[in-house]
Amino acid sequence: MRDPAATGRTDTASLVVAARPDAVYRAFADPDALMAWLPPDGMTGRVLDYDFREGGRYRIELTYDEAAPSGVGKTTGRTDVSAGRFLSLEPGERVVQSVSFESSDASFAGEMAMTWSFEALPAGTRITITAENVPPGISQADHEAGLRASLENLARYLSGRSRGIEDLSQR
């Protein structure tokens, strides 16, 4: 699926969560559930558009909390807005999406491909994120920390210990 003309690097992260693959998949399908776990610590999120189907488009906004220094956002001083398409949806197995950041900074330009794979294990599900063609404006250390934080938030969400948001994983 990687564009041969793409020049960005690939970042990955993985975590085993105590949930079945279908519950993990449902955490992506519902936009309220997604915003309960996706934003890394120190950020909140809101869905601007969400059409969860193959070929469907989405647009989300993540906002840094007041403790973050001004100017950390890609879109504005405190926000990151990203948009993309759902390239492939395989219930209980995988979500593949394109991601583009809305930014005037060329170092965040380009389309990243993110694959979230779900592997059933006796202890739950191994979730692996593979981000291809990562824009050079995102440091590898920061990106890997953000991916890991989202995975840990997802694990908490699936165990019912989300940040005060209704647990939608049992739907």
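Residues numbered from 1 in each chain as written. Predicted model: local features only at pLDDT ≥ 70, side-chain atom pairs only at ≥ 80, totals over all residues. Heavy atoms only, no water.

Trainee: How would you sum up the side chain of Ser 150? Please name residues and give values.
Mentor: Assignment of secondary structure puts Ser 150 in helix α3 (residues 140–158). Residue Ser 150 is classed as buried on the basis of its relative accessible area, which comes to 6%. Not counting chain neighbours up to four residues away, the residues in contact with Ser 150 comprise Trp 37, Leu 38 and Pro 40. (Helix = DSSP H or I, 4+ residues; strand = E, 2+ residues; numbered from the N terminus. Buried < 20%, exposed > 50% of the residue type's maximum accessible area, 1.4 Å probe, protein only. Contact = heavy atoms within 4.5 Å.)

Trainee: Would you mind going over the packing of helix α1 (residues 21–29) against α3 in detail, with residue names and values included?
Mentor: Taken N-terminus to C-terminus, the directions of α1 and α3 make an angle of 110°; their axes are 11 Å apart at the nearest point. As judged from the angle between their axes, α1 and α3 are roughly perpendicular. Residues Ala 23, Val 24, Ala 27 and Phe 28 of α1 form the contact with α3, whose participating residues are Leu 154, Tyr 157 and Leu 158. Residues that form the contact of α1 with α3 fall into these classes: seven nonpolar, no polar and no charged. (Axes fitted to C-alpha atoms, helices over the stretch in contact; angles between N-to-C directions. Parallel < 35°, antiparallel > 145°, perpendicular 65-115°, else oblique. Nonpolar A, V, L, I, M, F, W, Y, C, P; charged D, E, K, R; others polar.)

Trainee: Report on α3, specifying residues and quantitative values.
Mentor: The end-to-end C-alpha distance of α3, which contains 19 residues, comes to 27 Å, matching closely the 27 Å that a straight helix rising 1.5 Å per residue would cover. Within α3, the full set of buried residues consists of His 143, Leu 147, Ala 149, Ser 150, Leu 151, Asn 153, Leu 154, Tyr 157 and Leu 158. Looking at the packing, one finds that the buried side of α3 touches β1 (9–17), α1, α2 (31–37), β6 (112–121) and β7 (124–134). Remark: Gly 160 follows α3 within two positions and exhibits a positive phi of approximately 90°. (Expected span 1.5 Å × (residues − 1).)

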